Amino acid sequence: MKYWGVVVLVAVTVLSGCATLSEDECLTADWYSIGYEDGANGQPETRIGAHREACAKHGITPDLRDYQDGHDEGLLVFCTPRNGFNRARSGYQYNGICPPSLEPEFLDGYEAGRQIYQVASEVSNLEGKQRSNEAEQARIEQQLLEKEAALFGSGTPEEQRRVIYEEIALLKERQGTLEQQRDDVIRDLAGAEARLRELRDRYSYY
């Protein structure tokens, strides 16, 4: 029965997306289940302070012992190598919550996930640079077309032609810089993608 109480509480909390406890939740609280949920979600035991503050408004005091017992059980779910891997791969910052008996294996998975997260972030950043480069090059191409049309237009004064010629020269200089940056990004992106594939092949947590 206690197990089903944990499942129901976790499901309700996930669906509501609310981290604080309402008056009804405080009045009917199963502190073992709340501790289990916090532990399974990687929350530190000090999380009970937030629950205490929320329930104090309604004259309710948490059962510290039940909460701690549930929290310890929840950590058994959280502190696994696969969970460490998945959490780190999503950018989670480990806060030292796992007990000494579980931490080494958790950190094995966490380190693998952290490496993948870092390289995947690098790939994403380079892809963003590539898109930005392509967009700027497209804008320059359009500007060059417009300025060249004005340069050779029959109604453009000679003095204005000199200004346009200088503007075209600057745009082409920028275009050359962008082409070099594009080549650099393509090279760096290929390297990062290769490292990401190698890391994903290396670790068995998928």
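*Asks:* Lay out the overall build of the protein chain with the relevant residues and their values.
*Replies:* Tallying secondary structure elements over the protein chain gives eight helices and zero strands in all. Seen in sequence order, the protein chain has helices and strands lined up from the N terminus as α-α-α-α-α-α-α-α. Since a compact globule built from 206 residues should have a radius of gyration of about 17 Å, the 29 Å found for the protein chain marks it as more spread out than a globular shape. By principal-axis analysis of the C-alpha atoms, the protein chain measures approximately 90 × 45 × 25 Å. The buried share of the protein chain, reckoned over its 206 residues, is 32%. Intrachain contacts of the protein chain at a sequence separation of at least 6 include 74% that bridge at least 24 residues. Considering the protein chain, the positive charge centre built from 23 side chains and the negative charge centre built from 36 side chains are found 5 Å apart.

*Asks:* Can you lay out the environment of Ala50 for me, pointing to particular residues and giving the numbers?
*Replies:* Within the secondary structure, Ala50 is located in helix α4 (residues 48–56). The partly exposed category is assigned to Ala50, whose relative accessible area is 36%. Separated by 29 residues in sequence, Ala50 and Leu21 place their C-alpha atoms 8.9 Å apart.

*Asks:* Tell me about the state of the cysteines, residues and numbers included.
*Replies:* Counted under the stated rule, the structure contains two disulfides. Each sulfur of the disulfide joining Cys26 and Cys55 lies 2.1 Å from the other. Judged by the sign of its S-S torsion, about -85 degrees, the cystine formed by Cys26 and Cys55 is left-handed. Taken together, the positions of Cys26 in helix α2 (residues 23–27) and Cys55 in helix α4 put the pair 29 residues apart, joining distant regions of the chain. Summarising the burial analysis for this pair, Cys26 and Cys55 share the class buried. Along the protein chain, the cysteines that take part in disulfide bonds pair up as 1-2, 3-4, counted in sequence order.

Here is what the cut-offs are and how they apply
- The residue numbering used here restarts from 1 in each chain and proceeds along that chain's sequence as written.
- Reporting in this predicted model follows two pLDDT cut-offs: at least 70 for local features of residues, and 80 or more for side-chain atom pairs to be given and counted; totals over whole chains, interfaces and linings ignore these cut-offs and use all residues.
- To get the side-chain values, take all heavy atoms of the structure and skip hydrogens and water.
- Helix and strand definitions here come from DSSP, where helices need a minimum of 4 consecutive H or I residues and strands a minimum of 2 consecutive E residues; each element is numbered from the N-terminal end.
- With C-alpha atoms as the basis for the radius of gyration, the globule rule is written as 2.2 Å multiplied by the number of residues raised to the power 0.38.
- For the exposure calls, accessible area comes from a 1.4 Å probe over protein chains only, and a residue counts as buried if that area is under 20% of its type's maximum, exposed if over 50%, partly exposed in between.
- Here, residues are in contact when the closest pair of their heavy atoms is within 4.5 Å.
- By the counting scheme adopted, Arg and Lys are positive, Glu and Asp are negative, and His together with the chain ends is not counted.
- Each charge is placed at NZ for Lys, CZ for Arg, CG for Asp and CD for Glu.
- Put simply, a disulfide is two cysteine sulfurs that come within 2.5 Å.

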